[in-house]
Amino acid sequence: MNEGPLPPAQADGIQRLGFEGLTLCHERLEAHFNEVRSRRAEGGNRIPVFALEHGLSAAELAVLKAEVCAAILQRNLSRDAWLPFVVYAAEVGYEYRGDEYWQTFEALAPGWIENGDRHYIRARFQDFKDRFHGAEPTGPWARHFSIICWPITHAVLPTDLQRQLARVLFEYRSALTPDLLADPDELGRRLAGRSWQASSRFQNFAQNTSLLGQVAVALLVGEDEESPYLSDSTLKRIVTDLSAEREAGRWLTDAKSSATRIRTRGFRTVARGSGKGSSAAQRRTLPISSDPDLFVRQREGGWTAYVELPDLSVLGERLPNVNEELGRLRARFQGVGGPIAGGRLLYPGQQFRLAEWPRSDSPLIQLENGSADVNALLADRCRLSPGPCWLFRIRESGFGTEVRGKFVRSGHSYVLLSDSPLSALPTWIVPAASSTAGVFAYGVATPTSIGPDDIAALEHLGIASVTEVGIRPAGFVPALWDGEGSAEWLAGEDPVIAIRSNRALTKCILTLDNTPSLVPWPVATDELFVRLRDLDVGSHELLVSLLPSDAAAPVAKAGFAVLIRSPHMRPATGTLREGLTILANPVAPTLPELWDGQAALHIIGPSPARANIEIALADRSNRELVVRRSSGALPIDPARWVQLFTSAFGRDDAMHRFYEEAESCHVAVTAHGVGTVTLRCERPFAPLRWAFGRDRNGPFVRLVDNTDGGRAVVRQFEFGRPVDAIPVILADRALLREPRGGLVIAEVGGARALMILPPLVRDLEDLRAEPPHVTPGPRSVAEVIRLIGLAHLWASASLPADPFASTRRLVVLRAITGHLTELVCGTRWGQAERIAAQRDRGLIASELTAAIGAQSYQLALAGDLQRRVGALTSRAPARLADSFAAALALHGRAAGVRGQDGRLAEFLLRLASQPSSLGTLASDDLRAKVELVLASPVLLRAARFLTLLTDGADRGDAQAANDEVSRWE
Amino acid sequence: MGIEVLTAQDLTAHAVQVLGLDAGAIDLLSVEAMAASLRRAASFLCPTTPGILIRTVDEALVRLPGYSDDTWSQIESVLDSLLSYGDLLELPFDDEGVARRRLFLGVPAFVRRASGTCLLIGIRPEGAPLVRDDLLARIEYDAHVRLIRSTSSTVAELLIADRLTELQPEQWFGAPRVALPEEVVAPYAARLDVARASGDFEGLRMIDPTAPVTYYRGRWRSPRPSDSGRFVARRPQAFGTDLWCFAEIAGGQATRLIDLPIVSMLAPAADEAWRLQAAIDVLEGHQQRLAVHANPRSHLSIVDLFSPMPSWIQRRLDVVGTPLLRSRGALFCYSLPNLELHEELEFLRIMMWTVNASLGEMPLGA
């Protein structure tokens with residue numbers, strides 16, 4: 001700053017000058033920010049100014065804080081000397097760690113709760129924006145947190161986010177380009193797309209892609225360079241704080257080194273297929289990094305097609321919400337039987353068998369209940385190569401990889417898949433068995449010399465032959481090579497290609513992305529080596545035309561597809577290339593999701609090795625509160641994970657004691673000699689949440705409201721009357737107690753918080769709870785949907801660390817399921833279920849068969865289901881749904897079922913066993929299906945029948961079918 | 001963006017650089033570069049089979065200066081070393097209900113020699129370097145071994161900061177207990193006794209216990225009608241590399257067999273096969289051999305080994321000594337400090353029953 005210093009801090013404390021001091025601070029800051037604004041505006045730039053760029057020394061800042069605190073105590077929220085408040089609020093934001101902002105503010109500035117005014121802070125930040133071209137918060141998070149978004153945005157990069165940004169920059173460093181470093185908005189978008197594994201707080205920060213990009217570019221400036229986006233002192237402060245942690249400092253150093261190297265390499269052009277303007281025509285011939293890879297294996301039934309998932313997280317660079325949906329929603333992959341669990345699409349390298357060849361007129365991958373824009377992006381950016389034939393080069397006996405360019409070479413072996421039978425084939429193309437439905441397989445063994453008739457036959461199939469020229473990667477292994485005409489390299493690598501021909505040549509024309517170069521052919525060699533320099537991320541095409549000495553026309557031409565892609569980021573949960581991996585659903589589970597059993601972990605590792613599992617709870621400052629260990633045989637599927645977690649950790653007293661205090665949970669899985677993988681689950685940063693506590697008066701909850709949206713509407717449902725809402729008037733910061741416990745719901749604007757409040761249990765008498773009474777309603781679509789919605793509310797509420805909360809909730813959910821079943825299926829069915837529950841396992845079927853229905857198709861359906869239960873090898877929900885769909889297809893026509901409808905079968909089974917899981921179904925779809933069930937209650941009876949038989953068979957308990965364990969996603 | 005024409009020499013130098021090696025000191029077809037190529041290929045292809053990994057590396061090298069008919073087998077041999085060393089892991093893999101074995105990336109780790117020098121182990125996915133930029137330049141490459149010399153604990157601290165796990169040598173070696181040859185063979189024989197009769201396996205190859213133990217490759221052949229007994233063998237599988245097995249053969253036909261490993265499912269199958277064969281060789285009266293070449297003017301001796309050694313021996317030798325280019329018919333060679341020589345020879349004698357058939361004194365570097 002050019003102005004004179006503020007009054008210095010005195011040795012025995014901070015000197016304060018009262019109102020005069022506040023004014024002095026304001027004037028100093030005003031002059032400073034005017035100067036920063038002018039500097040930023042030079043050259044017509046519109047680079048925003050941040051309140052954290054105040055340029056004050058530590059001593060000066062101490063004076064400012066003291067003045068602000070004094071002013072707050074005196075209720076002096078000045079409209080003239082307001083800049084100190086803006087700087088003070090930004091400083092609080094800089095140290096903010098995701099807890100309650102205003103509580104932190106109050107702790108640092110006593111009296112704020114009584115004398116302060118949140119709206120004053122927002123208004124002053126808006127003044128700052130207008131006066132100094134200050135930064136303006138953007139993104140969904142800023143809309144939710146309309147006040148605190150200002151000081152947090154003006155804190156530039158709060159301390160708890162610095163480490164995460166350093167890591168994102170480190171992992172993205174090889175994909176940096178000079179263009180990106182010169183375009184913070186685009187860099188911010190790319191980095192935001194790559195931050196899906198970061199904490200919810202960082203993801204909120206990343207929603208402001210412009211700010212993210214500017215901070216990133218500023219952090220990546222070289223030594224002795226000045227950033228146009230942040231003042232030098234602020235940048236130094238962030239880098240110093242960030243480097244206090246050794247690992248984060250090294251991440252940043254390595255990322256900066258890469259950026260410096262990249263800046264010196266010069267500019268690149270944007271690749272075809274990577275830019276926004278890439279056309280569909282280009283995509284038909286050139287693969288892009290989000291296209292899956294196809295390969296075939298020879299199985300007992302014949303050649304079988306498989307797809308390997310690409311890194312779909314790169315789509316996050318195009319659409320901000322894509323990774324959030326990919327990380328949470330279940331997906332349908334055409335041809336892959338059942339649905340793919342939520343989050344799985346974000347684990348590249350997974351291989352899926354294609355039971356049926358995907359139709360080209362429908363999207364390959366779609367998310368269930370996904371937004372239209374995300375599904376449109378998936379449909380566009382994740383495709384198989386066009387048919388009607390697909391060619392695979394045999395790489396190893398019984399294994400072939402797709403040749404996307406669809407050309408063959410002499411003397412090689414291939415497998416050809418065609419969507420229709422082929423005729424008039426050369427003798428070296430012979431039919432073979434295919435175990436993927438919808439395609440016909442052929443073995444191809446090209447002769448050493450391919451004649452004109454053969455070439456014509458191949459062309460008829462849409463396949464070219466290349467005889468005079470060979471092109472291959474040379475020297476170092478590319479990231480992927482199909483063995484013929486397509487290869488992938490990582491961003492930052494220069495592909496090296498060998499071009500070979502036996503013809504006598506003098507020159508060749510190499511056309512890279514439509515730019516031709518005439519290159520002399522080297523003397524006395526049949527091979528030319530070329531290096532393709534500085535290719536940008538995306539698809540590129542190299543066309544080769546060979547020119548002989550005696551003619552101007554090329555004697556041979558060939559194409560080669562080059563894909564440059566960003567490296568896949570390695571999550572701490574490991575990758576499928578390693579011996580040990582955790583696949584999580586959702587992909588970044590929160591602490592409550594892990595605790596409540598709503599997060600499904602699948603630990604993949606070599607059988608029969610054992611995995612040691614360590615779970616540690618930590619507080620906000622990452623201090624370990626409690627750690628517990630267990631072990632289990634690998635692999636551990638989601639069902640076993642829930643059992644293991646519940647038995648080894650969920651019932652542990654110390655874990656219970658520290659759960660409410662914990663802000664994160666660290667799961668570490670180790671298999672000796674194979675490795676260690678980890679998963680960090682954080683308490684989500686929610687605009688509205690209940691904090692659970694317990695004192696000598698029993699359990700209570702307190703509402704934490706960061707929404708700035710007015711007073712919360714609070715409702716309560718008692719365990720005894722789980723569908724009857726009771727309004728609650730709750731004063732600010734008041735504790736809510738209810739000895740009978742139940743579900744508490746608070747809503748403000750679009751934010752909602754749900755929690756199960758456990759009952760007060762003082763003695764054995766309190767353990768005796770009346771069974772829940774579900775108030776009867778009419779047998780109507782609206783009532784069924786209402787009950788589904790209420791079950792969903794109960795099931796999705798957070799559970800505190802209290803065993804009574806979870807057991808009472810289970811009782812409630814059973815009651816709602818039972819009531820809903822009887823409402824739809826009728827009292828006779830309800831009676832039959834109650835009788836069956838008292839009977840031995842073997843008698844359940846006979847008791848219920850008669851109640852399904854007396855008509856012949858109903859009896860046939862019951863008999864068929866009983867047989868299928870006996871033949872089931874797995875009781876996994878997806879298998880059960882497949883089997884049920886097959887039975888309904890055979891016997892359900894009279895009940896309105898058309899063909900084998902897997903989704904209807906799954907809906908019915910969910911309704912029969914876990915109606916809460918239908919709470920997120922699209923309303924039109926839900927209504928249509930409920931209408932069908934009310935018109936044909938036999939469908940739900942059959943689903944209940946199947947559910948009771950299978951769960952009862954597993955657990956010897958007819959009542960078990962009602963258990964609301966997370967069997968369905 | 002542009003196209004640059006390279007000579008073959010430019011190309012190999014560029015490739016060596018991409019692999020993170022010193023193009024001025026290391027040739028693209030050297031063991032060090034082949035190991036780096038295999039590590040890079042594995043980082044993109046795992047889980048995979050040895051065949052695909054070798055083919056992928058071979059395709060990148062074919063027709064480059066120095067490439068020969070032997071290159072394939074050299075890559076194969078380097079891959080074996082990487083497996084023994086722990087850069088790659090051969091683990092059970094559930095292939096749609098069929099148990100197979102595949103190669104996975106070894107976990108990033110390091111082992112400290114007594115001198116403080118750290119041996120680096122493991123591969124990160126996606127061609128990512130094992131350590132950060134500042135440590136990369138300090139890595140030395142000796143055959144398949146990567147090491148950073150240091151006499152202080154600073155390097156170890158930096159490696160730990162880079163999330164490499166420190167392994168204690170004994171933990172890393174993972175040697176089995178000491179046993180007599182009969183004791184080693186017994187569990188395999190007992191398992192074979194109760195194995196179900198099998199049909200003959202097309203393509204089965206076996207180790208001929210009567211063939212000279214000093215020429216490993218020459219010991220492999222197809223069963224003959226005159227063969228009867230129990231043999232270490234390999235059998236083809238539908239996909240992937242041939243499986244190691246212990247087979248009972250009568251009249252040249254396999255009548256029953258068991259797949260290896262049976263003791264440790266997480267160890268390479270070859271570890272059990274090679275120790276089992278060493279035990280069989282002893283019982284047949286053909287103990288395996290090694291040769292020591294001592295040089296009185298040096299503190300180092302050279303040990304020639306003629307049979308492959310399980311990973312727990314190779315790792316031990318990697319910690320104590322330095323792998324060398326093989327010489328004079330040896331399958332592989334190590335340079336060992338004379339101070340450690342006796343202890344290592346004794347270990348080989350106890351664990352693999354090797355006989356020291358030294359060829360006499362010879363100058364180092366011959």
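Residues numbered from 1 in each chain as written. Chains lettered and ligands numbered in written order. Predicted model: local features only at pLDDT ≥ 70, side-chain atom pairs only at ≥ 80, totals over all residues. Heavy atoms only, no water.

Visitor: Describe the pattern of salt bridges, listing the residues and the values that go with them.
Guide: All names here are of chain A. Enumeration according to the criterion identifies 72 salt bridges over all chains in this entry. Across the salt bridge formed by Glu60 and Arg28, the nearest N and O atoms sit 4.0 Å from each other. Here the residue Glu60 occupies a position in helix α2 (residues 58-73), and Arg28 occupies one in helix α1 (residues 19-41), the gap between them amounting to 32 residues. Judged by its relative accessible area of 12%, Glu60 falls in the buried class. Of the residues examined, Arg28 reaches a relative accessible area of 7% and is grouped as buried. Residues Asp311 and Arg194 are paired through a salt bridge, measuring 3.7 Å at the closest nitrogen-oxygen approach. Of this pair, Asp311 sits in the loop between β2 (302-308) and α17 (322-326) while Arg194 sits in the loop between α11 (184-193) and α12 (200-206), placing them 117 residues apart in sequence. According to the relative accessible area criterion, Asp311 is buried, its value standing at 5%. (Salt bridge = Lys/Arg side-chain N within 4 Å of Asp/Glu carboxyl O. Helix = DSSP H or I, 4+ residues; strand = E, 2+ residues; numbered from the N terminus. Buried < 20%, exposed > 50% of the residue type's maximum accessible area, 1.4 Å probe, protein only.)

Visitor: Explain the pairing of strand β5 (residues 118-121) of chain B to me, and be specific about the residues and the numbers.
Guide: Residue and element names in this part refer to chain B. Every second residue of β5 is oriented toward a common face, with Cys118 and Leu120 on one face and Leu119 and Ile121 on the other, all of them buried. Note: strand β4 (residues 109-112) against β5, four bridges, orientation antiparallel. Along β5, the bridge assignment pairs Val111 with Leu119. (Pairing = 2+ DSSP bridges.)

Visitor: Mind laying out the sheet that holds strand β26 (residues 664-671) of chain A, listing which residues take part and the relevant values?
Guide: Remark on secondary structure: sheet strands pair via backbone hydrogen bonds, oriented parallel or antiparallel. Residue and element names in this part refer to chain A. Judged by pairing direction, the sheet is antiparallel, and its four strands sit side by side in the order β25-β24-β26-β27 without closing on themselves. Bordering the open sheet on either side are β25 (624-633) and β27 (675-682), each of which pairs with just one other strand. Between one strand axis and the next, the sheet turns by 15 degrees as a mean value, whatever way the strands run. Note that β26 and β27 share eight bridges and pair antiparallel. Of the residues in β27, the one forming a bridge with Thr670 is Thr676. Across the sheet, helix α21 (residues 638-650) is in contact with β24 (610-618), β25 and β26; its angle to β25 comes to roughly 130 degrees. (Axes fitted to C-alpha atoms, helices over the stretch in contact; angles between N-to-C directions. Contact = heavy atoms within 4.5 Å.)

Visitor: I'd like a description of the domain arrangement of chain A, backed by residues and values.
Guide: Per the domain assignment, the segments of chain A are domain 1 (8-153), domain 2 (159-263), domain 3 (281-381), domain 4 (468-569), domain 5 (581-682) and domain 6 (811-962). Placing the centre of domain 2 of chain A and that of domain 5 of chain A at their C-alpha centroids yields a distance of 31 Å. (Domains from an automatic or database assignment.)

Visitor: Please provide a residue-by-residue account of the sheet that holds strand β7 (residues 145-148) of chain B, values included.
Guide: All names here are of chain B. The mixed open sheet is built from five strands, whose spatial order is β6-β7-β5-β4-β8. If you trace the sheet from one side to the other, it starts and ends with β6 (140-142) and β8 (165-167), each paired once. Pairwise comparison of adjacent strand axes, ignoring direction, gives a mean angle of 35 degrees for this sheet.

Visitor: Tell me what's going on with unusual backbone geometry, and back it up with residues and numbers.
Guide: If a residue is not glycine, its phi is most likely negative; likewise, a peptide bond is most likely trans. Following Leu634 of chain A, the chain continues to Pro635 of chain A via a peptide bond in cis, the omega torsion being -10 degrees. Looking at where Pro635 of chain A falls in the secondary structure, it is placed in the loop between β25 and α21. The peptide bond linking Cys46 of chain B to Pro47 of chain B adopts the cis configuration, its omega dihedral lying at -5 degrees. You can see Pro47 of chain B is positioned in the loop between α2 (31-45) and α3 (50-61). Positive phi, close to 55 degrees, is recorded for His133 of chain A, a residue that is not glycine. Mapped onto the secondary structure, His133 of chain A falls in the loop between α6 (118-132) and α7 (140-144). Even without being a glycine, Glu126 of chain B presents a positive backbone phi close to 60 degrees. Here Glu126 of chain B lies in the loop between β5 and α5 (133-136).

Visitor: So what's going on with the interface of chain A and chain B? Residues and values would help.
Guide: Contact residues are listed per partner, giving 72 residues for chain A and 59 residues for chain B. The three residues of chain A that bury the most area against chain B are Arg250, Val477 and Arg577 of chain A, which together make up 15% of that side's buried surface. Here chain A is connected to chain B by eight salt bridges. Linking Arg63 of chain B and Glu527 of chain A is a salt bridge whose minimum nitrogen-to-oxygen distance equals 3.5 Å. Along the contact surface separating chain A from chain B lie 21 residue pairs in polar contact (both at pLDDT 80 or more). Here the residues of the side of chain A that touches chain B are counted per class, giving 30 nonpolar, 16 polar and 26 charged. (Buried area = accessible area lost by both parts, 1.4 Å probe. Polar contact = N/O pair within 3.5 Å; in protein donor to acceptor, adjacent residues only side chain to side chain. Nonpolar A, V, L, I, M, F, W, Y, C, P; charged D, E, K, R; others polar.)

Visitor: Residue-level account of empty space enclosed by the protein, with values.
Guide: Residue and element names in this part refer to chain A. Counted by the stated rule, this structure contains seven cavities of 30 Å³ or more. In this model, the largest cavity occupies a volume close to 190 Å³. Forming the walls of the largest cavity are 19 residues, and the residues nearest its centre are Pro348, His568, Met569, Pro571 and Thr575. A breakdown of the residues in the lining of the largest cavity according to their chemical character gives eight nonpolar, seven polar and four charged. (1 Å grid on protein atoms, 1.4 Å probe; cavity = no way out; pocket = protein on both sides within 12 Å on 5 of 7 lines; lining within 4 Å. Points joined across faces, edges and corners; volume = space filled by probe spheres on them.)

Visitor: Describe the packing of aromatic side chains, with residues and values.
Guide: All chains considered together, the criterion is met by 30 aromatic pairs over all chains. Judged by centre distance (5.8 Å) and plane angle (40 degrees), the rings of Phe645 of chain A and Phe649 of chain A are tilted. Of this pair, Phe645 of chain A and Phe649 of chain A both sit in helix α21, four residues apart, which is roughly one turn of the helix. By relative accessible area, Phe645 of chain A is classed as buried at 5%. Owing to a relative accessible area of 0%, Phe649 of chain A belongs among the buried residues under this scheme. Centre to centre, the rings of Phe332 of chain B and Tyr334 of chain B are 6.0 Å apart; their planes meet at 80 degrees, and the pair counts as edge-to-face. Accessibility classification places Phe332 of chain B together with Tyr334 of chain B in one group, the buried group. Site record: aromatic cluster; members linked through ring pairs are Tyr88, Tyr96, Tyr101, Phe105 and Trp112 of chain A. Across the ring face of Tyr659 of chain A, the terminal group of Arg683 of chain A is positioned such that the distance to the ring centre comes to 4.9 Å. (Phe/Tyr/Trp six-rings, centres within 6.5 Å; stacked < 30°, edge-to-face > 60°. Lys NZ or Arg CZ within 6 Å of the ring centre and 35° of its normal.)

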